[in-house]
Amino acid sequence: MTPANGAAAPEAVAEAAPPHEVESEVDAFQRQVDDLVSKTDVLERRVHEVVDFYDGKKQGSGGRKGAGGGRHGAYPRGMPEIMRQFSMVLKEITEDKESWPFRNPVDVVGLQLHDYHKIITKPMDFATIQNKMEGKDVTTYKNVREIYADVRLIFANAMKYNDEKNVVHLLAKSLLGKFEEKWHQFLPKVESEEKRQKEEESKGVVATNTSREAAIAKLAKDTDDELNQINKQLDELRKMVVHKCRKMTTDEKRKLGAGLCHLSPDDLNKALEIVAQDNPNFQTKAEEVDLDMDAQSETTLWRLKFFVREALERQANVASGKMDENAKRKREICNALAKTASKRIKKQP
């Protein structure tokens, strides 16, 4: 995140007057720009911290009504990362070729299992576990051990309802063995995290969710205030730089007018807004806009010049990227056609 057009300030001075007259001023402006950039780097990290906090809170609550009241906040510190790691273990199990009967809830009606709910009091499946982990269910997990218990429940239910010779019983028994092996490999991480959690709680390190949110809210407000202050400083700096600009030549005005004609609709609207800032009577929303370059102030002309130059460079970069992508796609198609043709030739007697 860098100040809008912040890097253009020194260039404006360089074009504005002979180098020997403004060399020291260029250095001064450059230092001010560098200072603003450093400040915005710090503020950018703060913004990311605030955004990450509220994104995590939203994901924890499922981002919708009925998502368990945001119990993600009840996870002990470190446990969300442990759960993400454990989800990879579950992924390996659910992708196993033997897991197909357990990926979704048992279709009691379709399979006509009239006694299923009499025998199985707490059904469980991998889809339900995934929803609970992502906060999409009415309940969520507090720790990895709760997930472990539900995975075991899947296989226990299958072996309880189906006799030992049934294929579902055999698949459940086999997959349970694989899962237990992976769990014992993963268990040291869980125990280490649980130990660290207890140590931190005993020292009073873990703050409440309320105090954490209050601190983040204060950080957001302070960051917003500082951003507003930087915008003011940048605006003042821009005005100082443009004020130093020499008068634009007739040829430069002509080229500027030509550049405006090549802007995208969005960038053209932004350019017209620049004109309107110095001329409140200028109508930017009219169907046809007549922009007299000779009637504009030097400040407006130079601001337009810098904006148009940056906009056209940006458009050129985007166009170049699309051309590269199109060329790549064409090469892939040509290669595919060549391979197909080669195969056909080989098949011919």
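In every chain, residue numbers begin from 1 and rise along the written sequence. In keeping with the predicted nature of the model, local features appear solely for residues at pLDDT of at least 70, side-chain atom pairs appear and are counted solely at 80 or more, and the whole-chain, interface and lining totals rest on all residues. Note: side-chain values were computed over all heavy atoms of the structure, leaving out hydrogens and water.

(A) Layout of the overall build of the protein chain. Across its full length, the protein chain holds 11 helices and zero strands. Segments assigned H or I by DSSP are reported as helices when at least four residues long, segments assigned E as strands when at least two residues long, and all are numbered from the N terminus. Overall, the protein chain shows an N-to-C arrangement of helices and strands of α-α-α-α-α-α-α-α-α-α-α. In the protein chain, which comprises 349 residues, the share counted as buried stands at 30%. Only heavy atoms enter the contact rule, under which two residues are in contact if any of them lie within 4.5 Å. Counting contacts in the protein chain only where the partners sit at least 6 residues apart, residues at least 24 apart contribute 74% of the total. Each residue gets one of three labels from its accessible area relative to the maximum for its type: buried under 20%, exposed over 50%, partly exposed in between, using a 1.4 Å probe on protein chains only.

(B) How the structure looks around the nonpolar core. We call a set of buried Ala, Val, Leu, Ile, Met, Phe, Trp, Tyr and Cys residues a nonpolar core when their side-chain atoms join them within 4.5 Å. Core analysis: the largest hydrophobic core is formed by 30 residues, its most contacted members being F86, F102, I129, I147 and F155. Of all the secondary structure elements, the ones that give two or more residues to this core are helix 3 (79–94), helix 5 (126–133), helix 6 (144–161) and helix 7 (167–203). Looking at which element gives the most residues to this core, the answer is helix 7, with 10 residues. Other than its neighbours up to four places away in sequence, F86 contacts V144, I147, Y148, F179, W183 and F186. Counting 17 residues, the second largest nonpolar core, distinct from the first, contains L263, A271, I274 and L301.

(C) Structural context of the confidence of the model for the protein chain. For the protein chain, the average pLDDT comes to 77, and 72% of its residues sit at 70 or higher. One number per residue, pLDDT, summarises how confident the predictor is, and it ranges from 0 to 100. The low-confidence segment residues 62–78, where pLDDT is below 50, has 37 contacts with residues more than four positions distant or belonging to other chains.

(D) Spatial organisation of helix 5. Of the positions making up helix 5, those classed as buried are F126, I129, K132 and M133. Looking down the long axis of helix 5, one finds its buried residues gathered within 120 degrees of arc, a one-sided arrangement. One side-chain oxygen at the N-terminal end of helix 5 lies 3.0 Å from the backbone nitrogen of A127; it belongs to D125. With its phi angle positive at about 80 degrees, G135 sits one or two positions after the end of helix 5. Think of it as the arc spanned by the lines of direction from the helix axis to the C-beta atoms. Between N or O atoms, a polar contact is any pair within 3.5 Å; within protein, one atom must be a potential hydrogen donor and the other a potential acceptor, and residues adjacent in sequence are included only when both atoms are from side chains.

(E) Seen up close, the packing of aromatic side chains. Note on aromatic contacts: the rings of Phe and Tyr and the six-membered ring of Trp form a pair at centre separations within 6.5 Å, being stacked when their planes are under 30 degrees apart, edge-to-face when over 60 apart, and tilted otherwise. Inspection of every chain in the model, using the stated rule, returns nine aromatic pairs. With a centroid separation of 6.0 Å and 35 degrees between ring planes, the pair formed by W302 and F306 is classed as tilted. Placement of the pair is W302 and F306 together in helix 11 (residues 298–347), with a separation of four residues, close to one helical turn. Grouping residues by exposure puts W302 and F306 together as buried. Connected via pairs of aromatic rings, a cluster forms that spans F86, Y148, F179, W183 and F186.

(F) Region of interest: the side chain of N157. Inspection of the secondary structure assignment puts N157 in helix 6. A polar contact of 2.9 Å, which involves the side chain of N157, links it to the backbone oxygen of K122. The residues touching N157, leaving out its near neighbours within four places in the chain, are Y116, I120, K122, P123 and M124.

(G) How the structure looks around the environment of I147. Position of I147 among the secondary structure elements: in helix 6. Classification of I147 by relative accessible area gives buried; the value is 0%. With 64 residues separating them in the primary sequence, I147 and M83 have C-alpha atoms 8.8 Å apart. Apart from the residues within four sequence positions on either side, I147 is in contact with M83, F86, L90, I129, M133 and Y141.

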